[in-house]
Structure formats: C-alpha cells, structure tokens
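One letter stands for each residue in the lines below.
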Amino acid sequence: MDTKLSIIEGSVCPVPISKHDHIVIGHGAGGAMTHSLIQNVFQKYLGNVILNQGNDAAMLQALRDVPKDQNLVVSTDAHIVSPLFFAGGDIGRLSICGTVNDVSMLGAVPKFLTATFILEEGFPISDLKRILVSMSQAAEEAGVQIIAADTKVTEKGKSDGIFISTTGIGWAEGSYKISGQSAMPGDVVILNGPVGNHGIAVAEARGNLGFHSQIQSDVAPLNGMIANLIEAVPDVHVLRDPTRGGLATTLVEIACQSKVTIQLREESIPVDRDVQSACNMLGLDPLYMANEGKLIVIVPSASAALALETLKKHPYGQKAVQIGVVEKGSSGQLLLKTPLGTTRHLDMLAGEMLPRIC
Amino acid sequence: MTASRVSPESIQQTRLVMDEIKRITTKSWNIMEICGGQTHSIMEYGIDQLLPVEINLIHGPGCPVCVTSLELIERALQIAAQPGVIFTSFGDMLRVPGSNSDLFSARAKGADVRIVYSPMDAVRLAKENLDKQVVFFAVGFETTVPAIAASLLHAEKLGLKNFFILPANVLVPPAIHAILQSPGNRVNAFLAAGHVCSIMGYWEYEPIAEKFRTPIVVTGFDPLDLALGILMTVRQLEEGRFEVENAYPRYVTREGNKAAQAIITQVFEPVDRQWRGIGMISKSGLGLREAYQKFDASTRFDIQLAQLQESSHCIAGSILRGMAKPNECPAFGTLCSPTNPLGAPMVSAEGACSAYYRYHKVR
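Residues numbered from 1 in each chain as written. Chains lettered and ligands numbered in written order. Predicted model: local features only at pLDDT ≥ 70, side-chain atom pairs only at ≥ 80, totals over all residues. Heavy atoms only, no water.

Peer 1: Describe the overall build of chain B, listing the residues and the values that go with them.
Peer 2: When its secondary structure is counted, chain B shows 16 helices and 11 strands. Whereas a compact globule of 363 residues would reach a radius of gyration of roughly 21 Å, chain B reaches 21 Å, a difference of no more than 12%. Taking the principal axes of its C-alpha atoms as reference, chain B extends roughly 65 × 50 × 45 Å. Every one of the 363 residues in chain B was classed for burial, and the buried ones make up 61%. Residue pairs at least 24 apart in sequence account for 78% of intrachain contacts in chain B once pairs closer than 6 positions are excluded. Working note: accessible area of chain B is about 14,200 Å², and carbon and sulfur atoms make up 51% of it. Charged side chains of chain B number 34 positive and 35 negative; the gap between the two group centres comes to 3 Å. (Helix = DSSP H or I, 4+ residues; strand = E, 2+ residues; numbered from the N terminus. Rg over C-alpha atoms; globule rule 2.2 N^0.38 Å. Buried < 20%, exposed > 50% of the residue type's maximum accessible area, 1.4 Å probe, protein only. Contact = heavy atoms within 4.5 Å. Areas by Shrake-Rupley, 256 points an atom, 1.4 Å probe, with all protein chains shown as cover. Lys, Arg positive; Asp, Glu negative; His and termini not counted. Charge placed at Lys NZ, Arg CZ, Asp CG, Glu CD.)

Encoded structure:
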C-alpha cells in the first residue's frame, strides 16, 4: 500500500476520514487521509499479515516453499463494469475471480493477488466497503491472499466510480502442458454449465432489458474445481474460461491456437431458459454472451467420462456436459451441427454485440 | 434447455415438410424472403442446405439498417455531433458506415450517442434531461412504427419540447412492387415478413400478387415456419396459382392489428423515400403528418449535406435487389467483414452479407 506521508498535504486535509461519506481528492494525496483510508477501509476488509506490514512491496517467504519442479504463473486483469453491482455479483467479486481463473487456466494453483484501485472523486465509501467485503469473501473462497495494493483518486468525471486491476501469482506442476495450443484431433470438448448468464445479468442491471428476470451472474472462482479435475485427469489438454466474446469466440481462439477444427452439437450446449428468452427478445446470441464462471475443458476422449464425473461433483460443475469434439479439419474453424442436421459456421464476435431492430 | 431454440417435435415436422417440398418440386424457382430476420434464420438453421437444388432463395431488402439511405445516416451523424443533443438509436444503426464515419466513431469523438431498446426509453431520457435535445433515429419497417408513433403521442401528452425523431421508417409493399417492376427481376414468389403482417395484416399484398401474377406467402421465423412458407409458395408456383396465403396464422390475420394501424395513420403518412443501394421508391417511407412535424429532427436542426460517397467496392445494391448473393461480391470476407463493413448489409444481424459471413463463410 502507498503510505508515503506528506506533512504539507496532511495539513491541507485535516478532516478525519470518519467524517467523509465519499471519496475526496485528498484520499489520493498520499497524506494522512490516504493513510486513514488504507487503515480504516482497505486493511479492515482485505488485510492480512503481509499487507498490513504497510511496506511499498510484499516480500514472499512463501515462495521458498515452491518445489523446484514447479513453474511460476502470473496473470493480470483490469476490471471495469457498469453498473458496479449486479445480480449474483459485483466488481469486487469479479476482480478476484477473473484473475484467479486466468491463473488457473494453465493448471496453476493461484496463491497471491495484488490489487490497484482507481477511485473517482465523490465515490461513496459505503459502496467501497461493500466491494471490499465482496473481494474479501471471494478471496477467501478461492484461498488466495491479497499481498499488495494501491489506490489512486481521479478528479470527478476523469474515471467512472471505481476501476480495479488485479494481478495473480500461482504455481503449476512443471510437467503440465495445459495450453490453448494443446487441443488434439479426437479430443472431447466439455463445458461446466449453461452460458450467457453473466452477460444478461449485467444488461439487466444496466436497465437495458426493459423487463425483469431472475437471471444471476455466474461469477465464481474456478480454481477449486480445476484442482479436483487435474488431480483426477492429469492429461487435460486445454482449460479456458469463455469470458468476453462468449463460448463461440473462445472456442475459435482455441481452434486457431491449436490449428484444429472444433465441431459442436447445438442441442448439447446448455442455456438457461430465461437467458435464451432474453436473448431471443433482444436479438442476442447466448453463444457470444460473456460468462465469468464457465470453464471449457478439452481432454482426450479416453479421459472424458472421468473428467465429466469429477466436474459434476463440484458445485460449479454440476451441469457439466460434453458439447463437442476436436477434429483435424481446417485450422481455426468452429462448426455447429444444428438439430436439423445442417452445419453452421461460427466466427469470433465482431466488435460489440448489437441488439437488432426487429 | 439448450442453445437450440427448436423442439425435437418441430425438427421432426420440419424434416417432413422439407421432404414434401422435394417431392412436389419439378422446376427451378426463385423465392425471395423479404425480411432480414428470415435471412438470418435461414442461415442460422441451414434451411437452404435442406432445400432441393431447384429452389433458390434470394435475400430481399428487408433489413432496415441496410436500406437506410446514406443521406439519412449523414443527417444522423450531424445531429448527433451538435452540442446539447442526446442522439438515441437501436443498437444496430451505430456501426453502419456513412460516407466516412459512423455513430460509434461520433460517440468516440464526444457525441452523446446512446443505444435504446425502445423509443419510449428515448422519451424517458427527454423527460429526465430537459436541458438537452433528445433525438430518436426512427428506423425500421412497419414493425417498429406503432411504438414510435406511441412515443410521440406520449411525448406530446407530457408536453415535452425537447423530444424529436429523425423519420426513416420504410414500408414493405412498395419495395415488393419496385422489385417486381425492375427490368432484371428474377423473383418468382415472395415470403412476406410475419411480424410486419402481424401489424399490417396481408390485405395490402393482394393487389400486388394479382397484378404481377406472383404468389406471396406470409411466413414466420422458426425453421418449421420457414419450411411451411416455402412449401406453400412452391405448391402455388407448381400449380400456377398466385395468391396471398398465410403460413403464420398463429400471429397474423388478414386485417392485422387495427389499433396499431390507427395510431400509425394518426401520426404518419406515406412519403417518397430513398433506399440505400436501390434508389427512390415512391410512397415507400413514413413521414410525420403536419400536426406532428414539430417532432421532426430533420427540420429542427441545421444540417449541411456535402457530396456523399459510397464505397466503390460494395455491391450492396445488387444484393438488396436480389441480383447477386453476398459471396459473389469480390470484397466479401476480404476487404469487407463485420469488423470493417464497407456496406450496411455486413453490419446488421439482419443484413444478408452479415448472415453469410457469420454462418456460411468457408475458409
């Protein structure tokens, strides 16, 4: 945490933080107000032994415990979402799960996170606390510690409420070859549950739907489920979370990286009824809607049954299902077999998904 | 529930209808689906892959985004760029290229452009922002008109002086008329758009079918609806009949929705309108009646229209008239793609080029 004290700025902003309901510019000045915000808000919710040392950097003795044959895995992700709170989650939970999941996609066990908060002048401190509680809960669920953090405050109008950027550190067994490049012809494609819920939940929270639904975001840390999976099925070829761009875009990426064709069966791709109805009404395609708790698993066909069984035992994988197969075919091709027996070509999402007119 | 929206029973029935189409087809027929939503469904489900080779589906001009004229898009861009304006539109219109910009780029340069899902949302914005001028881009076929008319009546009731529309609505029957009259026409029959007919009924199409001796079948959007519409069309063609038939009776009656028609007539009247890629079609658009012209953004704002330039590579006009298929365009999938559209049909989900690109592109 940034704790550089400045006497001049401290005297410019003498008001104690307890009197402020909103972020003011002084909270970012690095003086007493910043210090107070760190102690009374950030450390209160995210604090742990390492973070509370209040140093400019975290020294991780724990890394000495990393066995020699393990590889360090690092990922970083910035989180902006409007609105900040939506059914099933908020920007806090998103900022933990997004990075935890990215680290996990190489088969790594995520251990530590750092977090940067960009706050807009005027942002309610009650909302900040709510977001930090959510981050703390998600970090606890994922079994990760936040070991370094920073806060900056922008003038009103120069940012939007709160932006959170997190970096995750973990380690993975050196022998793992899990990567988007590892899909092989003959492999099986498995998905852990229905797609599109996060995208619709956020659209609804924006008030964009014009109707109300019970749809909740699927935002969740997937590292627990992935750890179980890799333990049972060490020969997993690909793990990938289909976030922005949705299932179709992510599978096209994998098909390109691995230079294969992926063939899906439309009937087998799970979509919740409410999500499908919302998409039908708005002219959106659930295959291109964002997810934050979904996992694509590509395994050799001999391991498919065990992978499915393992996923289904975990709360985030109960609806796991095989959705397709990897074929030789042309590189980077994603094909969808429709229930009519016809074949549809799926491409990456072009730009932003636009609701159609009628 | 899965990504497939169609029940197994419906799939089974669709297959039976397809078999029947194969059984009765003896000659080659060109059938135009007017509506872009149908083009999208045909490509999505691969209906064209199931038809006998004699049946050639031609994709019509029924994509409101595609046919909105360059001039109207330029007007929209200029209005959106004015200070104090909130420019609202259905999302589809934002990426349509004008001669050198689009509404997304206008937004990036600071214009307040917002996607709305209904014209009523724009009225609400006007009510909440009395210091701003809120303009709604009134695009669409007959389907969007009742809601737009209702939004004007609502704005009037609220006494709002800061709500305007840029009228750009177009009508289906004059377009069918224009296609059948064009010298190179090769369309033998039409699938009329089910949702347009749910509002307007299908009585308007009877004189056209009669005059041009061309079957017109009101058709829906699911695979079974489309298969049934095509079957009824082929049956008429094979039997030498030319009637208006209804393959979508669960939503469409001959008279249509009288209340919706009444509100349209109260607010709008037919005007000549330029169709992008096609040209001027007489009485094919809707303009505001005198009593409602105070809501007309095209007269309210100062607009300077310079020389307008279409991309020289784009053959959207031939595609919209049914003279060429998207994959016959040299720019298709190379110079022109959904990420970098040269013409409007590559933008909208209802555009024929976009449907081809999304579902049929073979690398």
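Peer 1: Could you give an account of the pattern of salt bridges, naming the residues involved and the relevant values?
Peer 2: All names here are of chain B. Under the criterion given, the structure shown has 23 salt bridges over all chains. One salt bridge connects Arg254 with Glu255, and the closest N-O pair in it is separated by 3.4 Å. On the accessibility criterion, Arg254 (36% relative accessible area) is partly exposed. The class for Glu255 is partly exposed, based on a relative accessible area of 36%. (Salt bridge = Lys/Arg side-chain N within 4 Å of Asp/Glu carboxyl O.)

Peer 1: Can you break down the domain arrangement of chain A residue by residue, with the values?
Peer 2: All names here are of chain A. What the domain assignment reports for chain A is domain 1 (7-173) and domain 2 (187-346). Distance from the C-alpha centre of domain 1 to the C-alpha centre of domain 2: 29 Å. Opposite the 21 residues of domain 1 that make contact, domain 2 presents 21 residues. Carbon and sulfur atoms supply 61% of the area buried between domain 1 and domain 2, which totals about 1,700 Å² over both sides. Contact with domain 2 buries area across many residues of domain 1, yet Phe86, Asn101 and Met105 alone supply 30% of it, more than any other trio. (Domains from an automatic or database assignment. Buried area = accessible area lost by both parts, 1.4 Å probe.)

Peer 1: Help me get a handle on the packing of aromatic side chains, residues and values and all.
Peer 2: In the structure shown here, the tally under the stated rule is eight aromatic pairs over all chains. Here the aromatic rings of Phe87 of chain B and Phe137 of chain B are separated by 5.8 Å at their centres, their planes lie at 65°, and the arrangement is edge-to-face. Residue Phe87 of chain B is found in strand 3 (residues 85-89), and its partner Phe137 of chain B is found in strand 5 (residues 133-138); the two are separated by 50 residues along the sequence. Each member of the pair, Phe87 of chain B together with Phe137 of chain B, is buried. Arranged with centres 5.2 Å apart and planes meeting at 65°, the rings of Tyr248 of chain B and Tyr251 of chain B form a pair that is edge-to-face. Joined through ring pairs, the aromatic side chains of Phe221, Tyr248 and Tyr251 of chain B make up one cluster. The ring of Phe85 of chain A carries Arg130 of chain A above its face, with NZ or CZ at 3.7 Å from the centroid. Sitting over the ring of Phe301 of chain B, Arg300 of chain B keeps its end group 5.2 Å from the ring centre. (Phe/Tyr/Trp six-rings, centres within 6.5 Å; stacked < 30°, edge-to-face > 60°. Lys NZ or Arg CZ within 6 Å of the ring centre and 35° of its normal.)

Peer 1: A description of the domain arrangement of chain B should follow, citing residues and the corresponding values.
Peer 2: Reports of interface size often rely on the accessible area that becomes lost once the parts have come together. All names here are of chain B. When cut into domains, chain B gives domain 1 (1-312) and domain 2 (316-360). Summed over both sides, the interface between domain 1 and domain 2 buries roughly 2,300 Å², with carbon and sulfur atoms accounting for 61% of that surface. Among the residues of domain 1 in contact with domain 2, His40, Met43 and Arg95 are the three that bury the most area, contributing 23% of the side total. Here domain 1 and domain 2 share zero salt bridges between them. Ranked by residue count, the leading element in the side of domain 1 that touches domain 2 is strand 2 (residues 55-62), at seven residues.

Peer 1: Describe the state of the cysteines, with residues and values.
Peer 2: Residues and elements named next belong to chain B. Within the structure shown, the criterion is met by one disulfide over all chains. Shown here is the disulfide that connects Cys63 with Cys66, its sulfur atoms set 2.5 Å apart. Note on the Cys63 and Cys66 pair: the S-S dihedral is about 75°, so by sign convention the disulfide is right-handed. The class of Cys63 is buried, set by a relative accessible area of 1%. By relative accessible area, Cys66 is classed as buried at 1%. (Disulfide = S-S within 2.5 Å.)

Peer 1: Would you mind going over helix 5 (residues 70-81) of chain B in detail, with residue names and values included?
Peer 2: Residues and elements named next belong to chain B. Helix length check: helix 5, at 12 residues, gives a terminal C-alpha distance of 17 Å against a target of 16 Å (1.5 Å per residue), a fit within 8%. With respect to burial, helix 5 is a largely interior element, nine of its 12 residues being buried. Along helix 5, the positions that sit buried rather than exposed are Leu70, Leu72, Ile73, Glu74, Arg75, Ala76, Leu77, Ile79 and Ala80. (Expected span 1.5 Å × (residues − 1).)

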